[in-house]
Amino acid sequence: MSGKKSQLFKYLVADYLSASLAWLAFNMVRFYLLAQYDGFDSLSNFLQYRQVVKGQIIIPFGWLVLHYYSGYYNKLLEKSRLAEFFVTFSTAFIGTVFIFFSLLLKSLPESIRVYYEQFSCLFLFTFGFTYFCRLLITNQTSRKIHKREWTIKALILGNGEKAMQTQRYLDKPSEALSYTIQGFVDISAVLPHQKAGDLPVLGNLGDLSSLIKELQTEELIVAVDSVDDEDLLALLYSLYQHKLPIKLPISHTKLLTGSIKIKTITGYPLIDITGSNYPEGEKNIKLSIDKLISGLVLVLLSPVYLYWAIRVKTDAKGPVFIKQERIGYHGKPFTIYKFRTMYENAEKDGPLLASENDGRITPYGQIMRKYRFDEFPQFWNVLKGDMSLVGPRPERKHYIDQIVKKAPYFYLLHNVKPGITSWGMVKFGYACNVEEMIERMQYDILYYENMSLMLDLKILIYTIKTIYTGKGI
């Protein structure tokens, strides 16, 4: 989508300048409001004071950090003016409280009235300048969207009456994100009862991967006529492998309730069935916590890592670490690291899940698996960005291909980063076969539908309990 890359730069510059101007205006008022400033006989001298100048440079950067954790920069083109108002208002209030109590309160005179005046001025200047500049950018963006200068490139899956109706609606100018419909995909092989229309069909489901690559498609829109719910769900789940947002007309909302969290978007009533349920601000907080904790663990436990490495090496012949390809966020393969807990060449005949009293597990490997110590190298995966502390456990493609035959909604879990620990791991534990993997996956689907920082914290507490009690097997 044209213009998307420049949006972040615009908002960052606008927010920085707004915060800088607000701090300058606040200090001008602050000088006149306060009864005295030792050594400052003029506004010019006060504004050149080292602490004021230092704040003029540093504080705007602090505001950018706070705006980042509010989630404001996550979705640059799908902004509601009302939501923008409340996000800006709440962020300005929180930031003002922090600055007031950490930097300003100690320097204020003992007058309740002046306290309120100082706080009110800082808040109003910050909120007013920030919201005004953001509104200018958002309004400009809305005009470009309404004129269809910025659109989303999409394919419609279906070629019946519903597909034609969807195209007509999406071709209309809209205040919400507009679409450029690239063409239609025939799905009659999967849903044979679909009515054939007169629309130009680019190919069928077998051609979808090549069409997406060739046309640089950004979204898939499923628009089918009346069909059995089970067949439609099977179609939807098969599309997750393409790692694109999947939208569905709101008329099919009922069939999705209970297995997929629904998020509506403005404009033509489409349902986004691939977005995760994490609030945007919490996503950023989660990412920072992942990086911070994984970095601390790798540094502080480095002597313990060395001890584990020595024990693994002396326990049985073979490498200290094992590396496996797993499927992660948006279906992207990555290399996962674990301490070796099995004898060398344990999978010489192909992938095989561990079972209770598995003879392939070394003596010290039994201990490591019991306390989950073998998973600790994955903090490196978290630091790299392949994984998160909490999320559905990543699986090998060999097992995913078997799982999706029985539970195609497994692809839902690729909408979030995999984790070192998960709700499935703490409630179910290790799986010995595909059936148990599917059973454990039900817990991860439950996590997917209810993701939040509080749930992550709960899972981490359960995980620590598992490690402490040694109930990892």
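Cut-offs and rules
- Residues numbered from 1 in each chain as written.
- Predicted model: local features only at pLDDT ≥ 70, side-chain atom pairs only at ≥ 80, totals over all residues.
- Heavy atoms only, no water.
- Helix = DSSP H or I, 4+ residues; strand = E, 2+ residues; numbered from the N terminus.
- Buried < 20%, exposed > 50% of the residue type's maximum accessible area, 1.4 Å probe, protein only.
- Salt bridge = Lys/Arg side-chain N within 4 Å of Asp/Glu carboxyl O.
- 1 Å grid on protein atoms, 1.4 Å probe; cavity = no way out; pocket = protein on both sides within 12 Å on 5 of 7 lines; lining within 4 Å.
- Points joined across faces, edges and corners; volume = space filled by probe spheres on them.
- Nonpolar A, V, L, I, M, F, W, Y, C, P; charged D, E, K, R; others polar.

**Here's the deal with unusual backbone geometry**
So, step 1. Although it is not a glycine, Q216 adopts a positive phi angle of roughly 55 degrees.
So, step 2. When you line up the elements, Q216 lands in the loop between α7 (208-215) and β4 (219-222).
So, step 3. The backbone of K243 shows a phi angle near 60 degrees, a positive value even though the residue is not glycine.
So, step 4. As for its placement among the helices and strands, K243 is situated in the loop between α8 (229-238) and β5 (246-249).
So, step 5. Taking relative accessible area as the criterion, K243 reaches 41% and is therefore assigned partly exposed.

**Section: the pattern of salt bridges**
So, step 1. Summed over the entire model, instances satisfying the criterion amount to 13 salt bridges.
So, step 2. In this structure, K283 engages E280 in a salt bridge whose closest nitrogen and oxygen atoms are separated by 3.2 Å. Of the two residues, K283 and E280 are both situated in helix α10 (residues 280-300); the distance of three residues between them amounts to about one turn of the helix.
So, step 3. R440 serves as the salt-bridge partner of E395, at 2.7 Å between the closest nitrogen and oxygen. Here R440 lies in helix α16 (residues 434-449) and E395 lies in the loop between β10 (388-390) and α14 (397-406), a separation of 45 residues in the sequence.

**Quick notes on empty space enclosed by the protein**
So, step 1. On inspection of all chains with the given rule, the structure shows two cavities of 30 Å³ or more.
So, step 2. When its volume is computed, the largest cavity comes out at roughly 60 Å³.
So, step 3. Forming the boundary of the largest cavity are I327, G328, P392, R393, P394, E395, F410, L413, H414, V416, K417 and P418.
So, step 4. Within the lining of the largest cavity, the residues separate by chemical class into seven nonpolar, two polar and three charged.
So, step 5. Size it by volume and the second largest cavity reaches roughly 50 Å³.
So, step 6. Lining the second largest cavity we find R393, E395, I403, F410, L413, M437, R440, M441 and D444.
So, step 7. Here the lining of the second largest cavity gets four residues from one element, more than from any other, and that element is α16.
So, step 8. Of the residues contributing to the lining of the second largest cavity, the split by class is five nonpolar, no polar and four charged.

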